[in-house]
Amino acid sequence: MKRISRITVTTRPALLGAVVMLALTSASVASADDGPGPLGVTADAAANRQSARVGALFGADRADDLSGGHFCTASVVHSPRGNLLATAAHCVGDSDTDLVFVPGYRDGQAPYGVWKVDKRYLPDGWAKDQDEDSDLALVTVGDLDGRRIENVVGANRFTTGTATGATAVTVTGYPDSREVPISCTNKPAAHSSTQQRIDCPSLTSGTSGSPWINGDHQLVGVLGGHEEGGSTDDVSYSVVLGARAAELYKDAIGDP
């Protein structure tokens, strides 16, 4: 499982420090609209405008000592107030734990600041019985130095109702064994009517909550769902973002 429990790291195989994991699932090359590079290859994510929208989650007690303390991934999604993140419900479902989000985190540094998680929005299915088809969460973060996070790093659009596998997506996340994000582009496939899967190597513990971003900068998945993201490092899952996800987004942006 690509999960944590009360910010305790699970014992999954760690990345072995490789910059590129050449476990190709396809020799195809993604088109410009589908994302960069060959499909099914995991590599260190470049530090750029897109990866700055993705960050690591930490317990608030690690805000002044970030190195090695991250446990899940989240990303900024567009909202009217410019303060919204998407992640997996199993990453933030423990409301007793104060959290912070560090966009663009690398090597113990917070180039865009440390943002305190404020409100958390969980689907009813997760809040009641941790239904894997509800493993999605939206959270807000407070202002930092008078600025909203979307104004600092930008945002991808939270998009529901897209056809699974219509285009390739890029998954970017933070393995808890590494201090830089990794990224992989491939085409998702349907696992069931409510779950989608993607073949990408070495997406280990800590990558839960990673955004699935298509060539139109739309978030169409969040790593989690089936088996809280997957029981192996090379196959990962997301809930299909449908009506329930749209309702969750509406609740999050409508709450004052």
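Just above sits the structure.
In this report, the structure presented in the accompanying data block is examined. Only a predicted model underlies this, so the values are computations on that prediction, with no experimental measurement involved. (Residues numbered from 1 in each chain as written. Predicted model: local features only at pLDDT ≥ 70, side-chain atom pairs only at ≥ 80, totals over all residues. Heavy atoms only, no water.)

### Some thoughts on the overall build of the chain
What counts here: Where helices and strands are cited, they refer to DSSP runs of H or I of at least four residues and of E of at least two residues respectively, numbered from the N terminus. Exposure is judged per residue with a 1.4 Å probe applied to protein chains only, and the accessible area is read against the type maximum: over 50% gives exposed, under 20% gives buried, and values in between give partly exposed. In what follows, a contact means two residues having at least one pair of non-hydrogen atoms within 4.5 Å.
Helix and strand content of the chain: four helices and 18 strands. Here the chain holds 256 residues, and the buried ones make up 52% of them. For the chain, restricting intrachain contacts to residue pairs at least 6 apart in sequence, the fraction spanning at least 24 positions comes to 69%.

### What about the environment of Asp 251?
Mapped onto the fold, Asp 251 is located in helix 4 (residues 243–254). Take Asp 251: its relative accessible area is 42%, and that puts it in the partly exposed class. Distance from Asp 251 to Tyr 121, taken between C-alpha atoms, is 7.9 Å for residues 130 residues apart in sequence.

### Section: the side chain of Thr 172
The criterion, for reference: Any N or O atom pair separated by 3.5 Å or less is treated as a polar contact, with the protein-specific requirement of one donor-capable and one acceptor-capable atom, and with residues adjacent in sequence counted only for side-chain atom pairs.
Relative to the helices and strands, Thr 172 resides in strand 12 (residues 169–173). Given a relative accessible area of 10%, Thr 172 falls into the buried group. At a separation of 3.3 Å, a polar atom in the side chain of Thr 172 contacts the side chain of Ser 183. For Thr 172, the residues in contact, after removing those within four places along its chain, are Ala 45, Val 54, Thr 73, Pro 181, Ile 182, Ser 183, Ser 210 and Pro 211.

### A word on the nonpolar core
We apply this condition: What we call a nonpolar core is a set of buried Ala, Val, Leu, Ile, Met, Phe, Trp, Tyr and Cys residues that are connected through their side-chain atoms within 4.5 Å.
By size, the foremost hydrophobic cluster in this structure holds 22 residues, and its most contacted members are Leu 57, Val 76, Leu 85, Val 92, Phe 101, Val 141 and Ile 149. Those elements giving two or more residues to this core turn out to be strand 6 (70–77), helix 1 (89–92), strand 8 (99–103), strand 9 (115–121), strand 10 (137–141) and helix 3 (149–153). The biggest single contributor to this core is strand 6, with four residues. Of all hydrophobic cores here, the second largest spans 16 residues; its members include Leu 84, Tyr 121, Leu 136 and Leu 219.

### A few points about the sheet that holds strand 14 (residues 189–190)
Where we set the bar: Pairing between strands is defined by DSSP: at least two bridges between the two strands are required.
What the three strands build is an open sheet, ordered 14-15-18; its pairing is antiparallel. At either end of the open sheet lies a strand with only one pairing partner, and these are strand 14 and strand 18 (235–239). Looking at chain direction, strand 14 and strand 15 (residues 195–199) are connected through two bridges and run antiparallel. The residue bridging Ala 190 from the neighbouring strand is Gln 196, located in strand 15.

As far as function goes, none of this settles anything; it's purely spatial.
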